Amino acid sequence: MTSRPRLATDVNVINGLAAVALFVVMGYVFVTASLPAPSGFPDGSITASIGYAMFGLVDQAAIESEGFLVAFEIIDVLLVAALVGGVMLARRESDGSVVTALTDGGRRLRGNGDSTEADADETSTDGGEH
Amino acid sequence: MAIVTEYYLLLSAAVFCIGVYGILTRRNALVFLMSVELMLNAANINLVAFSFHHGNLTGQVFSLFTMAIAAAEVAVGIGIILVLYRNFQDVDVTKAATMRW
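Residues numbered from 1 in each chain as written. Chains lettered and ligands numbered in written order. Predicted model: local features only at pLDDT ≥ 70, side-chain atom pairs only at ≥ 80, totals over all residues. Heavy atoms only, no water.

A count of helical and extended segments in chain B gives 3 helices and 0 strands. Scanning chain B from its N terminus toward the C terminus, one meets helices and strands in the order α-α-α. Computed over C-alpha atoms, the radius of gyration of chain B comes to 17 Å, more than 25% over the 13 Å expected from 2.2 N^0.38 for 101 residues, which places it beyond the range of a compact globule. With respect to the three principal axes, the spread of C-alpha positions in chain B is 60 × 25 × 15 Å. Each of the 101 residues in chain B was classed as buried or not, and the buried ones make up 43%. Across chain B, every contact between residues at least 6 apart in sequence was considered, and the portion connecting residues at least 24 apart equals 54%. Only carbon and sulfur atoms are counted for the fraction: they give 74% of the accessible area of chain B, which is about 5300 Å². Computing the positive centroid from 5 side-chain charges and the negative centroid from 5, chain B places the two 16 Å apart. (Helix = DSSP H or I, 4+ residues; strand = E, 2+ residues; numbered from the N terminus. Rg over C-alpha atoms; globule rule 2.2 N^0.38 Å. Buried < 20%, exposed > 50% of the residue type's maximum accessible area, 1.4 Å probe, protein only. Contact = heavy atoms within 4.5 Å. Areas by Shrake-Rupley, 256 points an atom, 1.4 Å probe, with all protein chains shown as cover. Lys, Arg positive; Asp, Glu negative; His and termini not counted. Charge placed at Lys NZ, Arg CZ, Asp CG, Glu CD.)

This part takes up the interface of chain B and chain A. Counting residues at the interface gives 43 residues for chain B, matched by 51 residues for chain A. Looking at the side of chain B facing chain A, the largest losses of area belong to B:Leu57, B:Phe65 and B:Arg86, adding up to 17% of the total buried there. The interface formed by chain B and chain A holds 0 salt bridges in total. Inspection of the chain B/chain A interface yields 7 residue pairs in polar contact (both at pLDDT 80 or more). If you tally residues by element for the side of chain B that touches chain A, the top one is helix H3 (residues 58-88) of chain B, at 18 residues. Along the lines of polarity and charge, the residues of the side of chain B that touches chain A split into 28 nonpolar, 12 polar and 3 charged. (Buried area = accessible area lost by both parts, 1.4 Å probe. Salt bridge = Lys/Arg side-chain N within 4 Å of Asp/Glu carboxyl O. Polar contact = N/O pair within 3.5 Å; in protein donor to acceptor, adjacent residues only side chain to side chain. Nonpolar A, V, L, I, M, F, W, Y, C, P; charged D, E, K, R; others polar.)

Our focus in this paragraph is the environment of B:Leu57. Here B:Leu57 is to be found in the loop between helix H2 (29-54) and H3. Placed 10 residues apart in sequence, B:Leu57 and B:Leu47 show a C-alpha to C-alpha distance of 9.7 Å. In this structure B:Leu57 touches A:Phe41, A:Ile46, A:Ser49, A:Ile50, A:Ile63, A:Glu64, A:Ser65 and B:Ser51, once residues within four positions along its chain are discounted.

Turning next to the packing of helix H2 (residues 46-54) of chain A against H3(B). It is at 9 Å that the axes of H2(A) and H3(B) come closest, and there the two elements cross at 65°. When the axis of H2(A) is compared with that of H3(B), the two are roughly perpendicular. Crossing hand, H2(A) versus H3(B): right-handed. Taking contact as the criterion, the partners of A:Ile46, A:Ile50, A:Ala53 and A:Met54 in H2(A) are, on H3(B), B:Gln60, B:Val61, B:Leu64 and B:Phe65. Its residues placed into classes, the contact of H2(A) with H3(B) shows 7 nonpolar, 1 polar and no charged. (Axes fitted to C-alpha atoms, helices over the stretch in contact; angles between N-to-C directions. Parallel < 35°, antiparallel > 145°, perpendicular 65-115°, else oblique. Left-handed = near helix turned anticlockwise from the far one by under 90°.)

As a further point, take the packing of helix H1 (residues 5-25) of chain B against H2(B). Residues and elements named next belong to chain B. Where H1 contacts H2, the two axes come as close as 8 Å, and the packing angle between them is 170°. The angle between H1 and H2 falls in the class roughly antiparallel. Like other packed secondary-structure pairs, H1 and H2 cross with a definite hand, here left-handed. Residues Thr5, Tyr8, Leu9, Leu11, Ser12, Val15, Phe16, Ile18, Gly19, Val20, Gly22 and Ile23 of H1 pack against Phe32, Ser35, Val36, Leu38, Met39, Ala42, Ile45, Asn46, Ala49, Phe50 and His53 of H2. By residue class, the composition of the contact of H1 with H2 is 16 nonpolar, 7 polar and no charged.

Here you go:
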């Protein structure tokens, strides 16, 4: 059985007013700011210039920018660390038991009927109630 | 005819406030991640708009790095939500009120 999406009517109006007030304040600042007309980019390939900037070859780029080679390498390390962290958080052992960051919540885990959840309960909790 | 920078700033403020409202209102942790993504992309709009405003590509390159950081944040966030679901059988952020028993 499916149900159609419904408009949430139990929302907090104060939060909505806060968000709208924030938009009004920022919009007032932006509209009343006296910015000069945008200068735009000079002729030349923007895509190629972005590529040169990412690898620090700013002297070959058609459009001026700074070099980002160090930031590029640091982002590389960051992405690998995030990937490993995500896998470590989500990992299960080959027998299906959960190996990390599982608590019993003060009660036995509500297994969904299969034995692997019960095994996870036996092996992974901190033994607070056993 | 170039669009004036103020309109980009207004769009960015609107997207940011939608993200703020989502974080203040919603209880689903996955919608939280989407709202944080909205706020990060509002900053990206500003970076690209001012990159065009000044005729310098630094802002556009920097917004690419912001997207990469957003991807890393979502990877860790999804992992945390998986653990949250295992411990509480739910992704409602208001149910995870204690860290340890």
